[in-house]
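Structural overview
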Amino acid sequence: PLPLCYGVMGLLFLAAGAVWLHILLKNRPTAFKIHWLMAGLVVVKAFVLLFEAFRFQSIKRTGSGYGWSTIYYVLTFVKGLMLFSTILLIGSGWSFLKPFLNTRDKRI
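Below, the structure is looked at part by part. By convention here, each chain's residues receive numbers from 1 onward along its written sequence. Local features in a predicted model are, by the rule used here, given only for residues with pLDDT of at least 70; side-chain atom pairs are given and counted only at 80 or more, and totals for whole chains, interfaces and linings are based on all residues. Side-chain measures here rest on the full set of heavy atoms in the structure, leaving out hydrogens and waters.

1. Concerning the nonpolar core
Basically, it comes down to this: We define a nonpolar core as any set of buried Ala, Val, Leu, Ile, Met, Phe, Trp, Tyr and Cys residues linked to one another through side-chain atoms lying within 4.5 Å. Exposure classes here rest on a 1.4 Å probe applied to the protein chains alone. A residue is buried below 20% of its type maximum, exposed above 50%, and partly exposed in between. Put simply, DSSP H or I for four residues or longer makes a helix, DSSP E for two residues or longer makes a strand, and each gets a number counted from the N terminus. By definition, residues are in contact when any of their heavy atoms lie within 4.5 Å.
L41, V44, V48, F51, Y72, L75 and M82 together form the largest nonpolar core, which totals 7 residues. Every element with two or more residues in this core is listed here: α2 (33-62) and α3 (66-91). When residues of this core are assigned to their parent elements, the largest contribution, 4 residues, is made by α2. If we skip the residues at most four places from it in the chain, V48 touches Y72, L75, T76 and K79.

Listed below in structure tokens is the structure:
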């Protein structure tokens, strides 16, 4: 049941990402760039879970999940970079302060 669990969670994350993107598109004037980055993070997480499900299913059927493992590890690396960048940008106040600063303050 492990591939099923990963597959269901991947589909749930994909649905959550679709809802998030729909809300962002509906409220485009008030959405910051960080919101788009977070939506991308949710979508990448969904694909990581789906490819992990494919990998486990391939291991279950053939005994090797080599091709799926490569895709999984690349997407996991991208997800880690996006998560680190998002946390760093939120921690530095980029999403709240930068739109209201003038160009001189942004350079400092």
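Right, picking up where we left off after that structure.
2. A look at the packing of α2 against α3
As a reminder of what qualifies: Lines fitted to C-alpha atoms define the axes here, with helix axes fitted over just the stretch in contact, and angles between the N-to-C directions of these axes take values from 0 to 180 degrees. Roughly parallel refers to an angle under 35 degrees, roughly antiparallel to one over 145, roughly perpendicular to one between 65 and 115, and oblique to any angle outside these ranges. Crossing handedness is read from the near helix: turned anticlockwise from the far helix by less than a right angle, it gives a left-handed crossing, and turned clockwise, a right-handed one. Polarity classes work like this: nonpolar for Ala, Val, Leu, Ile, Met, Phe, Trp, Tyr, Cys and Pro, charged for Asp, Glu, Lys and Arg, and polar for all others, with Gly in that last group.
Between α2 and α3, the shortest axis-to-axis distance is 9 Å and the interhelical angle comes to 155°. By the criterion of interaxial angle, the relationship of α2 to α3 is roughly antiparallel. Like other packed secondary-structure pairs, α2 and α3 cross with a definite hand, here left-handed. Split into classes, the residues belonging to the contact of α2 with α3 amount to 19 nonpolar, 5 polar and 4 charged.

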